[in-house]
Amino acid sequence: MTRLFEYIGTDNIRLSVADCPVGVRIKSVNDLKNWINKTMQKPDTRGLIAATFVVDSEGYIRLADRHSEHIACAGGKSILSAGEIFFSYNKQTFEVVEITNQSTGYCPEAGSWSQVEKALEQIPLPHPGNFTTEFIFRRCPVCRQLNIVKDDLFLCAVCNTGLPKIWNCDCYRTYI
Ligand SMILES: [Zn+2]
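None of the values given here were measured: they were computed from a predicted structure.

Q: Just checking my understanding: could you explain the coordination of the zinc ion for this structure?
A: For the zinc ion, every protein donor is listed as Cys 140 (SG), Cys 143 (SG), Cys 156 (SG) and Cys 159 (SG), and the spread of their distances is 2.3 Å. Around the zinc ion, the four donor atoms are arranged such that angles at the metal cover 102 to 116°; this shape is classified as tetrahedral. Written as a sequence motif, the donor residues of the zinc ion are C-x2-C-x12-C-x2-C. Of this pair, Cys 143 sits in the loop between β6 (136-139) and β7 (146-149) while Cys 159 sits in the segment after β7, placing them 16 residues apart in sequence.

Right, here's the structure in full:
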């Protein structure tokens, strides 16, 4: 079953990125090479190229500069997954070596990996078989704080209220 995640971050960010370029669709290894060249991506200290990604509603990876907002990368639309992606590159061969679902704008569930996997395999790009770091997002039902659950501790970091086991980040859409 495919699930679309709507943007649930702040309106401030939504408005501030209205003029930012939409992420570039990567349909082939060539598209990836072109994106890296055109946007002049530089390897980080570990020799990896880091980027912001979303999987758009049609199942394609879109890339934007690292630290771009996911909503800009997605062109303001709903997405199948989102996070950070790290490519290694050796003799024109690219591989996804690290990938996360870290996006507080969309809070995609770790289960959205299946959509990422499909998108990567149609390029095709080798990948680690799952998110290398998984984030669990929950909204506090009392104070509305968005939490990242750590060590299976389902407690709000602000008010210590128990957090639900089921994804609920789109509650309280008026949250600013
Ligand atoms: Zn709370």
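There is more to say, and it comes next.
Q: How do you make sense of the domain arrangement of the protein chain when you look at a structure like this?
A: Many analyses report the size of an interface as the accessible area lost when the parts associate. Entries for the protein chain in the domain assignment read domain 1 (11-121) and domain 2 (139-176). Just the C-alpha atoms count here: the centres of domain 1 and domain 2 sit 26 Å apart. Counting residues at the interface gives six residues for domain 1, matched by five residues for domain 2. Between domain 1 and domain 2, roughly 450 Å² of surface is buried when both sides are summed, and carbon and sulfur atoms account for 67% of that area. Summed over the three residues of domain 1 that lose the most area to domain 2, namely Thr 104, Cys 107 and Glu 109, the buried surface amounts to 65% of that side. Joining domain 1 to domain 2, the criterion identifies zero salt bridges.

Q: What is the right way to look at the nonpolar core in this model?
A: One recurring pattern in soluble globular proteins: nonpolar side chains tend to sit buried together. Counting 23 residues, the largest nonpolar core has Leu 32, Phe 53, Ile 61, Leu 63, Ile 85, Ile 99 and Leu 120 as its most contacted members. Counting only elements with at least two residues in this core, the list comes to α2 (29-38), β2 (49-56), β3 (61-65), β4 (79-90), β5 (93-99) and α4 (113-121). Residues contacting Ile 99, with those up to four places away along its chain left out, are Phe 53, Glu 84, Ile 85, Trp 113, Val 116, Leu 120, Pro 128, Asn 130, Phe 131, Thr 132 and Thr 133. Ranked by size, the runner-up nonpolar core spans 19 residues in total, among them Ile 8, Val 17, Ala 72 and Leu 146.

Q: Looking at this structure, I do not really get the pairing of β5. What am I missing?
A: Two faces make up the sheet, and in a regular strand the side chains alternate between them. In the sheet, β4 pairs with β5 via six bridges, with the strands oriented antiparallel. Along β5, the bridge assignment pairs Asn 90 with Thr 93. Connecting β4 to the next strand, β5, in antiparallel fashion are two residues, including Lys 91 with a positive phi near 50°.

Reading the values: the criteria
- Residues numbered from 1 in each chain as written.
- Predicted model: local features only at pLDDT ≥ 70, side-chain atom pairs only at ≥ 80, totals over all residues.
- Heavy atoms only, no water.
- Donors = N, O, S within 2.8 Å, 3.2 Å for Na, K, Ca; no water.
- Tetrahedral: all angles 85-135°; square planar, octahedral: opposite > 155°, others 65-115°.
- Helix = DSSP H or I, 4+ residues; strand = E, 2+ residues; numbered from the N terminus.
- Domains from an automatic or database assignment.
- Contact = heavy atoms within 4.5 Å.
- Buried area = accessible area lost by both parts, 1.4 Å probe.
- Salt bridge = Lys/Arg side-chain N within 4 Å of Asp/Glu carboxyl O.
- Core = buried A, V, L, I, M, F, W, Y, C linked by side-chain atoms within 4.5 Å.
- Buried < 20%, exposed > 50% of the residue type's maximum accessible area, 1.4 Å probe, protein only.
- Pairing = 2+ DSSP bridges.

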